[in-house]
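Coordinates in review
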Amino acid sequence: MIVLIFILSFIIIGLLAYLVLLNKELKSLSKQVDNLINMNSNHLIYSEYNLKNVAPIIIKINHLIKKSKNIELNYNNKNKSLMKMMTNISHDLRTPLTSALGYIDMILYSNISKEEQIKELKIIEERLKRLEELINSFFEFSKIISNNKDPELEKMNLNTILENCIINYYEDYKNHKRQILFNYNQNKIMLYSNKEILVRIFDNLIANAYKHSTGDLEINITANDTIKITFINSLDYNDLDIHKMFDEFYTIDISRTKGNTGLGLAIAKEFTESLGGKIYANKKKGLLEITMEFNQLLNKLEII
């Protein structure tokens, strides 16, 4: 009987000691959380008494802290990008609009001939078309970054889609004595993807090569462990930064004067990644190579 009482007393003392430590641990954790809230600190909470039953709770709280900080960081980065975007939009929209208004004033208030008026009206038309192109690009990009839905996929022939896109630009290249050379190592490549998105990507890349190079455009498709679609054209701008060229609104001085919004490649990048692929660029011996790459397993690729 005495032994039983001794054992029970020992257990009760142990429980009381544990409760005291647990109370101190909870107070410590509460104080740490208050400091995180009030000081906006990046520190994680920790256990002072190493109680096993409390450790899982601390792990979950720290996980929530990390997640919250990542959300806050992403929000701040997006907010900075948005402010940068608004600044660039304001500048790019103002340029053709101001130019068009200047020519309108010249027609209305200057004593010029009808031939000169027609010439100025054509310039105004070009400026307004440029303005329309900018607005459409900004609208399209805003839809991309605000759309969180996964694209609908269907089975399609990649070669046929790319051939149709090439045909749309055939006359433009031919009129400037240029060619689009299309090479592939498989006659038919079937994959699950989104036709509309692929067409927009290909259009952007073909148009980009047309606007910003002077030679032929070579397009190669290779399908092995991965599928790679490479667009190769002459590199006319030596100061082109291939690490920044897919960033929204990235331009160099020459390309900006040619009417480049700096959004074409950014749109291609967003679209490619929405399909589970990646896009990157290389400079080789005076040539610019832009490569789209898809994982066969990811896209359920079927080569015939």
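Residue numbering note: each chain is counted from 1, following its sequence as written. Local features are withheld for residues below a pLDDT of 70 in this predicted model, meaning they are given only at 70 or higher, and side-chain atom pairs are given and counted only at 80 or more; totals for whole chains, interfaces and linings count all residues. Calculation of side-chain values draws on the structure's entire complement of heavy atoms; hydrogens and water are dropped beforehand.

Points about the sheet that holds strand 5 (residues 226-234)
Stated precisely, the cut-off is as follows: When DSSP finds at least two bridges between two strands, those strands are taken to pair. Note on conventions: DSSP H or I runs of at least 4 residues are helices, E runs of at least 2 residues are strands, and numbering of each starts at the N terminus. Axis lines are fitted to C-alpha atoms, over the contacting stretch for helices. Their N-to-C directions set the angle, which ranges from 0 to 180 degrees. Here a residue-residue contact requires only that any non-hydrogen atoms of the pair lie within 4.5 Å.
Within the open sheet, the five strands sit side by side as 2-4-5-7-6. Their pairing is mixed. Edge positions in the open sheet fall to strand 2 (180-184) and strand 6 (278-284), since each of these has one partner strand only. Averaged over all pairs of adjacent strands, the angle between strand axes in this sheet comes to 15°, irrespective of strand direction. With respect to the sheet, helix 8 (residues 264-274) is in contact with strand 6 and strand 7 (287-295), its orientation differing from that of strand 6 by roughly 135°.

Quick look at the side chain of Glu120
The cut-off we apply is this: Three exposure classes are used, based on accessible area relative to the maximum for each residue type with a 1.4 Å probe and protein chains only: buried under 20%, partly exposed in between, and exposed over 50%. By the counting scheme adopted, Arg and Lys are positive, Glu and Asp are negative, and His together with the chain ends is not counted. Salt bridges are defined by distance alone: a side-chain nitrogen of Lys or Arg within 4 Å of a carboxyl oxygen of Asp or Glu.
For Glu120, the position within the fold is in helix 3 (residues 114-146). This buried residue, Glu120, is left without a salt bridge; Lys119 holds the nearest opposite charge, at 5.8 Å. Residue contacts for Glu120: discarding those within four places in its chain leaves Tyr103, Met106, Ile107 and Ile112.

Some thoughts on the side chain of Asn220
Rule in force here: Polar contact criterion, stated in full: a pair of N or O atoms within 3.5 Å, where within protein one must be able to donate a hydrogen and the other to accept it, and residues adjacent in sequence count only if both atoms are side-chain atoms.
Of note, Asn220 is situated in strand 4 (residues 217-223). By relative accessible area, which is 18% here, Asn220 ends up buried. Here the side chain of Asn220 touches Glu218 through a polar contact of 3.1 Å, side chain to side chain. Apart from residues no more than four positions distant in its own chain, Asn220 is found in contact with Asn183, Lys228, Ile229, Thr230 and Ile232.

Points about helix 4 (residues 158-168)
Where we set the bar: Working note: the arc is built from the helix axis to C-beta atom directions.
Within helix 4 the residues assigned to the buried category are Leu158, Asn159, Ile161, Leu162, Cys165 and Ile166. All buried residues of helix 4 project into a common sector of 165° when viewed along the axis, lining one side. When the buried face of helix 4 is taken as reference, the exposed residues oriented beyond 90 degrees from it are Ile167 and Asn168.

Remarks on the pattern of salt bridges
Enumeration according to the criterion identifies five salt bridges in this entry. We note a salt bridge from Lys269 to Glu273, for which the minimum N-O separation is 3.1 Å. On the criterion of helical spacing, the pair formed by Lys269 and Glu273 is a turn pair, its members being four residues apart in helix 8. Residue classification places Lys269 among the partly exposed positions, given a relative accessible area of 25%. With relative accessibility at 41%, the residue Glu273 sits in the partly exposed group. Where Glu289 meets Lys284, a salt bridge forms, and the shortest distance between an N and an O atom there is 3.9 Å.

With respect to the confidence of the model for the protein chain
Detailed reading of the predicted coordinates is not advisable wherever pLDDT falls low. Counted only if it meets this: The pLDDT score gives, residue by residue, the confidence of the prediction method on a 0 to 100 scale.
Residue-level pLDDT values for the protein chain average 79, and 83% of them are 70 or greater. Segment residues 252-261: pLDDT under 50, and 26 contacts once partners within four positions in sequence are set aside and those in other chains are kept.

A look at the pairing of strand 3 (residues 189-193)
Burial within strand 3 is extensive, with four of its five residues counted as buried. The pairing of strand 1 (residues 154-157) with strand 3 spans four bridges and is antiparallel. Among the inter-strand pairings, Glu154 is bridged to a residue of strand 3, identified as Ser193.

Re the pairing of strand 4
Within strand 4, five of the seven residues are buried, which leaves it mostly tucked inside the rest of the structure. Where strand 2 lies against strand 4, five bridges are found, and the strand directions are parallel. Bridging across to strand 4, Tyr184 finds its partner in Ile221. The sheet contact formed by strand 4 and strand 5 spans six bridges and is antiparallel.

Section: helix 8
When we look at burial in helix 8, the residues that qualify are Leu265, Ala266, Ile267, Ala268, Phe271 and Thr272. Phi turns positive one or two residues past the end of helix 8, at Gly276, with a value near 85°.

Here we look at a nonpolar patch on the surface
Spelled out, the test is: Residues forming no salt bridge and having over 30% relative accessible area are the ones grouped into patches, like charges within 9 Å of each other and nonpolar side chains (Val, Leu, Ile, Met, Phe, Trp, Tyr) within 5 Å. Note on areas: Shrake-Rupley with a 1.4 Å probe; residue coverage comes only from the protein chains shown.
A cluster of nonpolar side chains, namely Val3, Leu4, Phe6, Ile7, Leu8, Phe10, Ile11, Ile12, Leu15, Leu16 and Leu19, defines an oily patch on the protein surface of about 1100 Å² accessible area. In this fold, Leu4 is placed in helix 1 (residues 2-39). Accessibility expressed as a relative area gives 48% for Leu4, which makes it partly exposed.

Focus: the nonpolar core
Which entries qualify depends on this criterion: Definition of nonpolar core: a set of buried residues of the types Ala, Val, Leu, Ile, Met, Phe, Trp, Tyr and Cys, connected through side-chain atoms within 4.5 Å.
By size, the foremost hydrophobic cluster in this structure holds 44 residues, and its most contacted members are Phe202, Ile206, Ile219, Ile229, Phe231 and Met292. Examining the composition of this core, we find that eight residues originate from one element, helix 6 (residues 195-212), more than from any other. Ignoring any residue separated from it by four or fewer positions in sequence, one finds Ile206 in contact with Cys165, Ile166, Tyr169, Tyr173, Ile180, Leu217, Ile219 and Phe231. By size, the runner-up hydrophobic cluster in this structure holds seven residues, among which are Leu29, Leu36, Val54 and Ile65.

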